[in-house]
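Structure at a glance
Given next are the chains, with one letter for each unit.
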Amino acid sequence: MPVLRGLASQMADIGSARAEQGGKTISCRKGCGACCRQPVPISESEALALARLVSDLPEPRQSEVRARFSAALERVVSSALFGRLRQPAEMSNADLALLSRSYFQLGVACPFLDDESCSIHAERPLACREFLVTSAPEHCAAPSDETVERVPLPAQTFRAVRAVDARATSSAGWTTLIFALEHAATAADPPERPGLEWLREVFAELAGTQGRFVD
């Protein structure tokens, strides 16, 4: 995961540099946690990594974070969104966009959000690293396709990891962050494979081909 996190951050840096060369300014700043109320997609590999991260937290921090996960799940279960969030692979892109806006309106904060900043910034999900905007910060409080301008990236690491995980587990390959602990506790153990092999598949997916990379 550290390699993939670094790669996602590098892609974000490239996208940011291109945007700034075009005369735009990245709006995202520490203390602006609006996007931390979206249904953050994470790959199955990330779900396992986040579950391990939480298990390694000292007390009472660990119990606090686990309580936040439980509260977020309870909030979603009591809404009409729960079923759709559990079956994201069966939804079209348009339906996912609508679901994301509906989820945002619930105001469910990421369990790792402290004082409107990410408390696990170094280990934050790939999708979080890849979400940058150049539109005015006030638009993030009520996001829409017309008001929020995302920074285009040369490649999206999250999509590549999701695709590789999906092939390995014969599943959707991803879930939503608030389900991370539950997913890690109930998912079948992924097949064992050398780390280099797994990374090679991810890089091949990014390149839009298979088997191009060599040792």
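Bear in mind that the values here come from a model prediction, so they are computed numbers and not experimental data.

What counts and what doesn't
- Along every chain, residues carry numbers that run from 1 in the direction the sequence is written.
- Local features in this predicted model are restricted to residues of pLDDT 70 or higher, and side-chain atom pairs are both shown and tallied only at a pLDDT of 80 or more, whereas totals for entire chains, interfaces and linings draw on every residue.
- Values shown for side chains rest on all heavy atoms present in the structure; no hydrogens or waters enter the calculation.
- For helices the rule is a DSSP run of H or I covering at least 4 residues; for strands it is a run of E covering at least 2, with both sets numbered from the N terminus onward.
- Radius of gyration here is computed from C-alpha atoms only, and the compact-globule reference equals 2.2 Å multiplied by the residue count raised to the power 0.38.
- Here's how the labels work: a residue is buried when its accessible area is under 20% of the maximum for its type, exposed when over 50%, partly exposed in between, all with a 1.4 Å probe on protein chains only.
- Here, residues are in contact when the closest pair of their heavy atoms is within 4.5 Å.
- Working definition of accessibility: Shrake-Rupley area with a 1.4 Å probe, residue cover restricted to the visible protein chains.
- None of His or the chain ends enter the tally, which takes Lys and Arg as positive and Asp and Glu as negative.
- Charge positions are represented by NZ for Lys, CZ for Arg, CG for Asp and CD for Glu.
- The term salt bridge refers to a side-chain nitrogen of Lys or Arg lying within 4 Å of a carboxyl oxygen of Asp or Glu.
- Ring pairs shown here join Phe, Tyr and Trp side chains whose ring centres sit within 6.5 Å, with only the six-membered ring taken for Trp; geometry is labelled stacked below 30 degrees between planes, edge-to-face above 60, and tilted in between.
- For a helix, the expected span equals 1.5 Å multiplied by the number of residues minus one.
- Within this analysis, the arc is defined by the directions that extend from the helix axis to the C-beta atoms.
- One confidence number per residue, pLDDT, is output by the predictor and ranges from 0 to 100.

All right, on to the overall build of the chain then. Regarding its fold elements, the chain presents nine helices and four strands. Starting at the N terminus and ending at the C terminus, the chain contains elements arranged as α-β-α-α-α-α-β-β-α-α-β-α-α. Rg of the C-alpha trace for the chain: 17 Å, near the compact-globule value of 17 Å for 215 residues, within the 12% margin. Projected onto its principal axes, the C-alpha positions of the chain cover 45 × 45 × 35 Å. Burial status across the chain gives 40% buried among its 215 residues. Within the chain, contacts between residues separated by at least 24 positions form 76% of all contacts whose residues are at least 6 apart in sequence. Surface exposure of the chain reaches about 11,500 Å², of which carbon and sulfur atoms provide 53%. Charged side chains of the chain number 23 positive and 27 negative; the gap between the two group centres comes to 3 Å.

What follows is about the side chain of T157. Mapping T157 onto the fold places it in helix α7 (residues 157–169). Judged by relative accessible area, T157 falls into the buried class, the value being 0%. When neighbours within four sequence positions are excluded, T157 is seen to be in contact with L4, L7, A8, M11, L126, E130 and L206.

To continue, consider the pattern of salt bridges. Enumeration over the complete set of coordinates arrives at eight salt bridges. D114 is the partner of R61 in a salt bridge, and the nearest nitrogen-oxygen pair spans 2.8 Å. Taken together, the residues span a long stretch of sequence, with R61 in helix α3 (residues 61–77) and D114 in strand β2 (residues 113–114) at a distance of 53 residues. Each of R61, E64, R68 and D114 takes part in salt bridges that share partners, so that together they form one network.

To continue, consider the packing of aromatic side chains. As enumerated under the stated definition, the model contains two aromatic pairs in all. A centroid spacing of 5.6 Å and a plane angle of 80° characterise the contact between F69 and F112, whose relative ring orientation is edge-to-face. Within this pair, whereas F69 is found in helix α3, its partner F112 is found in the loop between α5 (93–106) and β2, the two being separated by 43 residues in sequence. For the pair shown, F69 and F112 are each scored as buried. For the ring pair F82 and F179, a centre distance of 6.0 Å and an interplane angle of 70° mean the geometry is edge-to-face. Here F82 is found in helix α4 (residues 82–86), whereas its partner F179 is found in the loop between β4 (174–176) and α8 (180–186), with 97 residues between them in sequence. For F179, a relative accessible area of 2% corresponds to the buried category.

Before going further, it helps to examine α3. Helix length check: α3, at 17 residues, gives a terminal C-alpha distance of 24 Å against a target of 24 Å (1.5 Å per residue), a fit within 8%. Taken as a whole, α3 has its buried residues at Q62, V65, F69, A72, L73 and V76. One side of α3 holds all its buried residues, which, seen down the axis, span an arc of 95°.

This paragraph deals with the confidence of the model for the chain. Residues at a pLDDT of 70 or more form 94% of the chain, whose mean pLDDT is 87. At the low end of the mean pLDDT range in the chain sits α4, at 82; at the high end sits β2, at 96. For residues 209–215, every residue scores under 50 in pLDDT, and the model assigns this stretch 12 contacts once sequence neighbours within four places are set aside.

With 12 residues, helix α2 (residues 44–55) should cover 16 Å at 1.5 Å per step; its first-to-last C-alpha distance of 17 Å lies within 8% of that length. In terms of residue burial, α2 counts as a mostly covered element, since nine of its 12 residues are buried.

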